[in-house]
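Close look at the chain arrangement
What follows is each chain in one-letter form.
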Amino acid sequence: MSAHRRTARLLAAAALASTAAGIHLATFNLWLCVPGLYVAAFLAWCSNRSYAAHRRALAEAKWEQAYVLGQAPAPLNPCCALADHSGGAAHDRRKCTDLFHRLTADLAAEHPRSSQ
Ligand SMILES: [Zn+2]
């Protein structure tokens, strides 16, 4: 079990507990359920992001395995985390799943104006 999946399950359980606490507090005063449900929604969102990171790690491992075996796997979308955060302006030389971007990542870092 990967760390992302373990974290996602823990956050989902915490969201469920927070929901139960919010519902329990609503029996005393209806407004008391708001903090519990707000925290539950935030924890559920964090759990969803951790599951997404887990799925991405699995896809990258599968891509890397196919690449090492000599196949030509299609690049993932987005090709790498750096491209996702930079809007496609930069790519990770080691982890990018687009082979062309792996080759040109160093050139774009040395000549940033030429990549625009
Ligand atoms: Zn990339």
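Structure: see above.
Residues numbered from 1 in each chain as written. Predicted model: local features only at pLDDT ≥ 70, side-chain atom pairs only at ≥ 80, totals over all residues. Heavy atoms only, no water.

1. Let's talk about helix H2 (residues 33–68)
The terminal C-alpha atoms of H2, which comprises 36 residues, lie 52 Å apart, in line with the 52 Å expected from a rise of 1.5 Å per residue. Turning to H2, its buried residues are Cys-33, Gly-36, Ala-40, Leu-43, Cys-46, Ser-47, Ser-50, Ala-52, His-54, Trp-63 and Ala-66. (Helix = DSSP H or I, 4+ residues; strand = E, 2+ residues; numbered from the N terminus. Expected span 1.5 Å × (residues − 1). Buried < 20%, exposed > 50% of the residue type's maximum accessible area, 1.4 Å probe, protein only.)

2. Structural notes on the coordination of the zinc ion
Coordination of the zinc ion by the protein comes from Cys-79 (SG), Cys-80 (SG), His-91 (ND1) and Cys-96 (SG), over a distance range of 2.2 to 2.4 Å. One can describe the site at the zinc ion as tetrahedral: its 4 donor atoms subtend angles covering 92 to 121 degrees at the metal. Each donor residue of the zinc ion belongs to the same chain, with the gaps between them written as C-C-x10-H-x4-C. Residue Cys-80 is located in the loop between H2 and helix H3 (81–86), and its partner His-91 is located in the loop between H3 and helix H4 (99–110); the two are separated by 11 residues in the primary sequence. Of the residues examined, Cys-80 reaches a relative accessible area of 1% and is grouped as buried. (Donors = N, O, S within 2.8 Å, 3.2 Å for Na, K, Ca; no water. Tetrahedral: all angles 85-135°; square planar, octahedral: opposite > 155°, others 65-115°.)

3. Overview of helix H1 (residues 3–26)
The terminal C-alpha atoms of H1 lie 34 Å apart, and with 24 residues this matches the ideal 34 Å at 1.5 Å per residue to within 8%. Buried residues of H1: Ala-8, Leu-11, Ala-15, Ser-18 and Gly-22, and no others.

4. Some points on the pattern of salt bridges
If charged atoms from side chains of opposite charge come close, those side chains can pair. Scanning the entire structure with this criterion turns up 2 salt bridges. Two residues, Glu-60 and Arg-56, come together in a salt bridge whose shortest N-O distance is 2.9 Å. Residue Glu-60 and its partner Arg-56 are both found in helix H2; the two are separated by 4 residues, about one turn of the helix. What makes Arg-56 partly exposed here is its relative accessible area of 22%. Arg-102 serves as the salt-bridge partner of Glu-64, at 3.4 Å between the closest nitrogen and oxygen. Taken together, the positions of Glu-64 in helix H2 and Arg-102 in helix H4 put the pair 38 residues apart, joining distant regions of the chain. Given the relative accessible area of 14%, Arg-102 is considered buried. (Salt bridge = Lys/Arg side-chain N within 4 Å of Asp/Glu carboxyl O.)

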